[in-house]
Amino acid sequence: MSEPIIQMKNIGKNFGAVIALSEVSFDVLPGECHCLLGDNGAGKSTFIKTMSGVHKPSTGEIFFEGKSLNLTSPRDAIVMGIATVYQDLAMIPLMSVTRNFFMGNEPTKKVLGISVFDHQHANQVTMEEMKKLGINLRSPNQAVGTLSGGERQTVAIARAVHFGAKVLILDEPTSALGVRQTSNVLATIDKVRKMGVGVVFITHNVRHAIAVGDRFTVLNRGRTLGTANRDEITPTVLQNMMAGGEELATLEGSLGGTV
Amino acid sequence: MKNDMTSTTPEQPSQDERVKEMSGFRKALIRPELGSICGTVVVFFFFFLTARDAGMFSPQGVMNWSIVSSQFIIIAVGACLLMIAGEFDLSVGSMIGFAGMSIALLSVTLGWPVWLAIITTFILCLAVGALNGWLVIKTGLPSFIVTLAFLFILRGLTIFAAIASTSKTIIGGVRDVAEGDWLAPIFGGKIFTGFFQWMGDQGIIETFERGTRKGQAVVEGIPMLIVWAIILVIFGHWLLTKTKFGNWIFASGGDAQAARYVGVPVNRVKILMFMFTAFCACVFATAQVMEFGSAGADRGVLKEFEAIISVVIGGALLTGGYGSVIGAALGAIIFGVVQQGLFFAGVESSLFRVFLGVILLLAVILNTYIRRMITGEK
């Protein structure tokens, strides 16, 4: 297998007296989908925030393409090619897909010596990038507000990929979606992975993770419970690990094994 | 997992199967200008029927409502871009009074050259605009409150300055001192005067039959006020729709946090838009002072609301992020044509305010409906 794009070694993070993360190791290979699972409060968000430059780790090291990396801001991470699609997406519903796609990175051309927004180019790129991920837009000028939740996720993902993401961190992209939209987003993740991007897929839904994941890392109370390959694990084991083993067992008993 | 979700696979149709049903009518509705285009047509049609005989569409009549509309347009362009960027400026009216008084005091009372008075005033206004914007950004208060404070501060200062220096609230004599000045005609002059005189001589338009101006055309030329209005509309529309900065204006008003997240300099955009609004108010004031030859401490009262109403009639959302400069200009034309048209039609002028209130209400209701349609809110 090829070299990891990003490697997080023994990452620890303390907020005052609270130990949010301790000794977490994690890496992402190009073209794989590495799922980060964990219950609420397990430290998933803190962990991806250290990866995307929001938090500085208290201990541990980050290597990017083999070189030691010291992230000081989210901007740094974006420049390196570590893109994060957060749950709130950073999309503006009233603006067109193209205007959202290029927000902050508008392509320009010179008209009579003055630089103007190159709408034609922008529309074309937007349509192409969306098509690559399997979404045929009615028009690049349609407002993002008219898109479904899944399509919005796809726009955000396509935007990150277009602007050079090598590692794409998706923070619970399926948590607010219905069944069909979820399957579309999972299909999108699959396509992005095939483009050679390393995907970090954060979720607490084991079924979603199993559907696209190549490797799985489970966090529990700020510690990693290990990383497993796809062929080494079953959904039930993952589910139990996430819930911390015994607690789920009692719960399962009372629910008659429906969880 | 299917990797082909295009419409060629009917068993897994693409996500937009439902929104695809959007009719052409609904599509047209979400263009911000639509309401104001219809409004303009209706208004012209109405007055063409009712006020044509009163001379509303004679050269003089056209010039009359064009000037009034142009005044509204000038301040509406500024208010429009600012509103799309997500902020309000309620100090526009007071800024007009302040700028006019500043020009008159500096040139007439202090004896400065008029061009210097005008340039100094523009710098002052831009500084106040920047201060407005800076306060809004730094305090995080609604711009409504911050600029409401400046509505009173600027008006008070204007009256105080006029009374303290000349013990009058109206300062005249600007026209005399502006004689021969190079900058004043840019605001108070007229263009194409030769062409209009020629049209008068040829009998295409009427000429004065008696009096001191006998033989001159009834319309001397196109006032610079109208030229400014046209330039500002073209500039504003171009800036908003054709440039990178325009995208930032939409983004700042649509969702400032999301815009910041992708690197849009939201603070800079908003402060610049406050300054642009101040610039527009200053253009209005300068043209008015040059036309009247005087400045009054009470000039521009309620202009901020007239600007905002024009913008709202033009289809912009009060909450920001959506709107059109062309729409705002049409809103201003509706405003001007109705105000003058009622006069030509001989309707009691107080009814104008009733009309204004009604059309404002309708516009806001329509805009809210359109917003729901775009964003899919219920």
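Just so it is clear, the structure is predicted and the values come from calculations on it, not from any experiment.

What follows is about the overall build of chain B. Scanning chain B from N- to C-terminus turns up 16 helices and four strands. At 23 Å, chain B has a C-alpha radius of gyration in line with the 21 Å of a compact globule built from 378 residues. For chain B, the spread of C-alpha atoms along the three principal axes comes to 85 × 50 × 35 Å. When burial is assessed residue by residue, chain B has 53% of its 378 residues classed as buried. Pairs at least 24 residues apart make up 76% of the contacts formed inside chain B by residues separated by at least 6 positions. Carbon together with sulfur atoms contributes 67% to the accessible area of chain B, which is approximately 17300 Å² in total. Computing the positive centroid from 26 side-chain charges and the negative centroid from 23, chain B places the two 5 Å apart.

Right, let's talk about the packing of aromatic side chains for a bit. Counted by the stated rule, this structure contains 24 aromatic pairs over all chains. Ring plane angle 90 degrees and centroid distance 5.8 Å describe the contact between phenylalanine 102 of chain A and phenylalanine 163 of chain A, whose orientation is recorded as edge-to-face. Residue phenylalanine 102 of chain A is located in the loop between helix 3 (97–101) and strand 7 (108–111), and its partner phenylalanine 163 of chain A is located in the loop between helix 5 (149–162) and strand 9 (167–171); the two are separated by 61 residues in the primary sequence. Among the residues examined, phenylalanine 102 of chain A registers a relative accessible area of 3% and is labelled buried. Phenylalanine 163 of chain A sits in the partly exposed class, given a relative accessible area of 32%. For the ring pair phenylalanine 343 of chain B and phenylalanine 344 of chain B, a centre distance of 5.7 Å and an interplane angle of 70 degrees mean the geometry is edge-to-face. You can call phenylalanine 343 of chain B exposed: its relative accessible area is 58%. Look at phenylalanine 344 of chain B and you get buried, because its relative accessible area is 17%. Among the aromatic residues, those joined into a cluster by ring pairs are Phe122, Phe187, Trp228, Phe235, Trp238, Phe276 and Phe279 of chain B.

Moving on: the sheet that holds strand 5 (residues 67–68) of chain A. All names here are of chain A. The antiparallel open sheet is built from four strands, whose spatial order is 2-1-4-5. Single-partner strands in this sheet number two, and they are strand 2 (18–28) and strand 5. Note that strand 1 (residues 6–15) and strand 2 share seven bridges and pair antiparallel. Paired with lysine 13 across the bridge in strand 2 is leucine 21. The sheet strands contacting helix 1 (residues 44–51) are strand 1, strand 2 and strand 4 (59–64), and the helix crosses strand 1 at an angle near 120 degrees.

With that settled, consider the packing of helix 4 (residues 92–109) of chain B against helix 5 (residues 114–139) of chain B. Residue and element names in this part refer to chain B. Interhelical geometry of helix 4 versus helix 5 gives an angle of 150 degrees and a closest axis separation of 9 Å. Seen from above, helix 4 lies across helix 5 with right-handed handedness. Across the interface between the two elements, Met95, Phe98, Ala99, Ser102, Ile103, Leu106 and Ser107 from helix 4 touch Val114, Ala117, Ile118, Thr120, Thr121, Leu124, Cys125, Val128 and Gly129 from helix 5. Residues belonging to the contact of helix 4 with helix 5 are distributed by class as follows: 11 nonpolar, five polar and no charged.

All names here are of chain A. The element strand 11 (residues 215–220) is largely enclosed, with a buried count of six among its six residues. Going residue by residue along strand 11, you find Arg215, Thr217 and Leu219 tucked away on one face and Phe216, Val218 and Asn220 tucked away on the opposite face as well. Taken together, the five bridges between strand 3 (residues 33–38) and strand 11 define a ladder with parallel strand orientation. Note that in strand 11 the partner of leucine 37 across the bridge is valine 218. By the bridge criterion, five bridges tie strand 11 to strand 12 (residues 223–229) in an arrangement that is antiparallel.

It is worth spelling out the packing of helix 4 (residues 119–132) of chain A against helix 5 of chain A at this point. All names here are of chain A. Running from N to C, helix 4 and helix 5 cross one another at 110 degrees; their axes reach a closest spacing of 9 Å. Taken together, helix 4 and helix 5 sit at an angle that is classed as roughly perpendicular. Side by side, helix 4 and helix 5 meet where Val125, Glu129 and Met130 of the first sit next to Glu151, Thr154, Val155, Ala158 and His162 of the second.

Moving on to the confidence of the model for chain B. Confidence in the prediction of chain B, expressed as mean pLDDT, is 86, and 91% of residues score 70 or more. In the model, residues 1–21 of chain B has pLDDT below 50 throughout and makes 35 contacts with residues more than four positions away in sequence or in other chains.

All names here are of chain B. Positionally, isoleucine 226 belongs in helix 10 (residues 224–242). Judged by relative accessible area, isoleucine 226 falls into the buried class, the value being 11%. Setting aside residues up to four positions removed in sequence, isoleucine 226 forms contacts with Met63, Ser66, Ile67 and Ser70.

On to the pattern of salt bridges, then. Residues and elements named next belong to chain A. A complete count under the given rule lists 11 salt bridges over all chains for this structure. Measuring nitrogen to oxygen at the nearest pair gives 3.6 Å for the salt bridge that ties glutamate 172 to lysine 44. Placement of the pair is glutamate 172 in the loop between strand 9 and helix 6 (179–194) and lysine 44 in helix 1, with a sequence separation of 128 residues. On the basis of relative accessibility, which here comes to 6%, the residue lysine 44 falls in the buried class.

The rules behind these values
Residues numbered from 1 in each chain as written. Chains lettered and ligands numbered in written order. Predicted model: local features only at pLDDT ≥ 70, side-chain atom pairs only at ≥ 80, totals over all residues. Heavy atoms only, no water. Helix = DSSP H or I, 4+ residues; strand = E, 2+ residues; numbered from the N terminus. Rg over C-alpha atoms; globule rule 2.2 N^0.38 Å. Buried < 20%, exposed > 50% of the residue type's maximum accessible area, 1.4 Å probe, protein only. Contact = heavy atoms within 4.5 Å. Areas by Shrake-Rupley, 256 points an atom, 1.4 Å probe, with all protein chains shown as cover. Lys, Arg positive; Asp, Glu negative; His and termini not counted. Charge placed at Lys NZ, Arg CZ, Asp CG, Glu CD. Phe/Tyr/Trp six-rings, centres within 6.5 Å; stacked < 30°, edge-to-face > 60°. Pairing = 2+ DSSP bridges. Axes fitted to C-alpha atoms, helices over the stretch in contact; angles between N-to-C directions. Left-handed = near helix turned anticlockwise from the far one by under 90°. Nonpolar A, V, L, I, M, F, W, Y, C, P; charged D, E, K, R; others polar. Parallel < 35°, antiparallel > 145°, perpendicular 65-115°, else oblique. pLDDT = per-residue confidence, 0-100. Salt bridge = Lys/Arg side-chain N within 4 Å of Asp/Glu carboxyl O.

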